[in-house]
Amino acid sequence: MFKYFLFLLMMMTWLLSFGQVSKFSIEANFPYTFGDNFVDEGYNGVADLGLKYRCAAYSAFDLGASLNIGAFLRDNSKFDGSPVVNGNAVIFQPKIYASFKLEAYPQLHPMVGLGYSIFAFHINSENFAGADFQENSSDDGVNINAAIAYDVSEKMFLQVQYDYCSIKRTKRS
């Protein structure tokens with residue numbers, strides 16, 4: 001419990017240090033998957049950390065670049081009758097984005113982004129004969145996203161974001 005409290009305290013300190021008035025912002029997110037996809041079928045989100053840099057500011061919008069790194073753990077309860085398998089996934093998402101400024105609602109910032117997602121999977125299990133088995137695989141593809149941010153204060157904001165990734169699957173062992 002103390003580790004979670006310390007992590008939350010560190011993240012709040014970072015969020016208060018970098019905010020909307022700066023060109024940089026640091027994000028702490030919770031990745032949640034849903035729908036008919038292979039990540040949602042076997043993994044639960046743990047954490048996602050992001051760094052945004054605003055490259056240009058105009059009267060109607062801002063342009064920038066961002067990098068998010070998300071972590072997922074394999075959920076064995078989603079697999080009926082299969083052997084116990086330990087696994088994780090890490091997602092790297094570099095993007096460019098546009099954040100729009102609304103005159104009527106200055107605290108709201110709709111955003112769109114375009115980038116590339118790289119999924120790295122690692123699975124460690126025992127096969128049916130009892131021997132250790134490891135598998136590494138990666139998947140990648142184009143990522144488009146839409147988000148809306150709400151300025152809670154001058155240095156802190158809340159954000160809801162949806163990412164759609166068009167994945168091509170590859171496999172390496």
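To start, this report covers the structure provided alongside it. (Residues numbered from 1 in each chain as written. Predicted model: local features only at pLDDT ≥ 70, side-chain atom pairs only at ≥ 80, totals over all residues. Heavy atoms only, no water.)

## Digging into the overall build of the protein chain
At step 1: Summing up its helical and strand segments, the protein chain has one helix and seven strands in all.
At step 2: Starting at the N terminus and walking to the C terminus, you meet the elements of the protein chain as α-β-β-β-β-β-β-β.
At step 3: By the burial criterion, 34% of the 173 residues in the protein chain qualify as buried.
At step 4: The contacts of the protein chain with a sequence gap of at least 6 include a subset with a gap of at least 24, amounting to 57%.
At step 5: Carbon together with sulfur atoms contributes 65% to the accessible area of the protein chain, which is approximately 11,100 Å² in total. (Helix = DSSP H or I, 4+ residues; strand = E, 2+ residues; numbered from the N terminus. Buried < 20%, exposed > 50% of the residue type's maximum accessible area, 1.4 Å probe, protein only. Contact = heavy atoms within 4.5 Å. Areas by Shrake-Rupley, 256 points an atom, 1.4 Å probe, with all protein chains shown as cover.)

## Observations concerning the environment of leucine 108
At step 1: Inspection of the secondary structure assignment puts leucine 108 in strand S5 (residues 108–126).
At step 2: Considering only alpha carbons, one finds leucine 108 and glutamine 159, 51 residues apart in sequence, at a separation of 9.7 Å.
At step 3: Residues contacting leucine 108, with those up to four places away along its chain left out, are Phe100, Leu102, Ile148, Ala149 and Tyr150.

## Quick word on the side chain of histidine 109
At step 1: As for its placement among the helices and strands, histidine 109 is situated in strand S5.
At step 2: For histidine 109, a relative accessible area of 11% puts it in the buried group.
At step 3: For histidine 109, the side chain forms a polar contact with the side chain of aspartate 151, separated by 2.8 Å. (Polar contact = N/O pair within 3.5 Å; in protein donor to acceptor, adjacent residues only side chain to side chain.)

## Let's talk about empty space enclosed by the protein
At step 1: Taken as a whole, this structure holds one cavity of 30 Å³ or more when the rule is applied.
At step 2: Taken together, Lys52, Ser66, Asn68, Lys95, Tyr97, Met111, Val112, Gly113, Asn145, Ala146, Ala147 and Gln161 make up the lining of the largest cavity.
At step 3: Residue assignment for the lining of the largest cavity shows that the elements contributing at least two residues are strand S3 (61–74), strand S4 (85–100), S5 and strand S6 (132–151).
At step 4: Residue classes in the lining of the largest cavity are distributed as five nonpolar, five polar and two charged. (1 Å grid on protein atoms, 1.4 Å probe; cavity = no way out; pocket = protein on both sides within 12 Å on 5 of 7 lines; lining within 4 Å. Points joined across faces, edges and corners; volume = space filled by probe spheres on them. Nonpolar A, V, L, I, M, F, W, Y, C, P; charged D, E, K, R; others polar.)

## A closer look at the pattern of salt bridges
At step 1: Taken as a whole, this structure holds three salt bridges when the rule is applied.
At step 2: For the salt bridge of lysine 52 with glutamate 27, the shortest nitrogen-to-oxygen distance reads 3.3 Å. Highlighted residues: lysine 52 in strand S2 (residues 43–57) and glutamate 27 in strand S1 (residues 24–29), separated in sequence by 25 residues.
At step 3: Judged by relative accessible area, which is 5%, glutamate 27 ranks as buried.
At step 4: In this structure, the salt-bridge partner of aspartate 62 is lysine 101, at a minimum N-O distance of 3.0 Å. Highlighted residues: aspartate 62 in strand S3 and lysine 101 in the loop between S4 and S5, separated in sequence by 39 residues. (Salt bridge = Lys/Arg side-chain N within 4 Å of Asp/Glu carboxyl O.)

## A few points about the packing of aromatic side chains
At step 1: On inspection of all chains with the given rule, the structure shows four aromatic pairs.
At step 2: With 5.2 Å between their ring centres and 40 degrees between their planes, tyrosine 58 and phenylalanine 61 make a pair best called tilted.
At step 3: Take tyrosine 58: its relative accessible area is 44%, and that puts it in the partly exposed class.
At step 4: An aromatic cluster of at least three residues, connected via ring pairs, comprises Tyr58, Phe61 and Phe100.
At step 5: Over the face of the ring belonging to tyrosine 97 we find lysine 52, whose NZ or CZ atom lies 5.0 Å from the ring centre. (Phe/Tyr/Trp six-rings, centres within 6.5 Å; stacked < 30°, edge-to-face > 60°. Lys NZ or Arg CZ within 6 Å of the ring centre and 35° of its normal.)

## Looking at the nonpolar core
At step 1: Counting residues in hydrophobic clusters, the biggest one holds eight residues: Tyr43, Phe72, Val85, Ala89, Ile91, Phe119, Phe121 and Ile123.
At step 2: Sorting the residues of this core by element identifies S4 and S5 as the ones contributing at least two each.
At step 3: Tyr97, Met111, Ala149 and Phe157 belong to the second-largest nonpolar core, a separate cluster that totals five residues. (Core = buried A, V, L, I, M, F, W, Y, C linked by side-chain atoms within 4.5 Å.)

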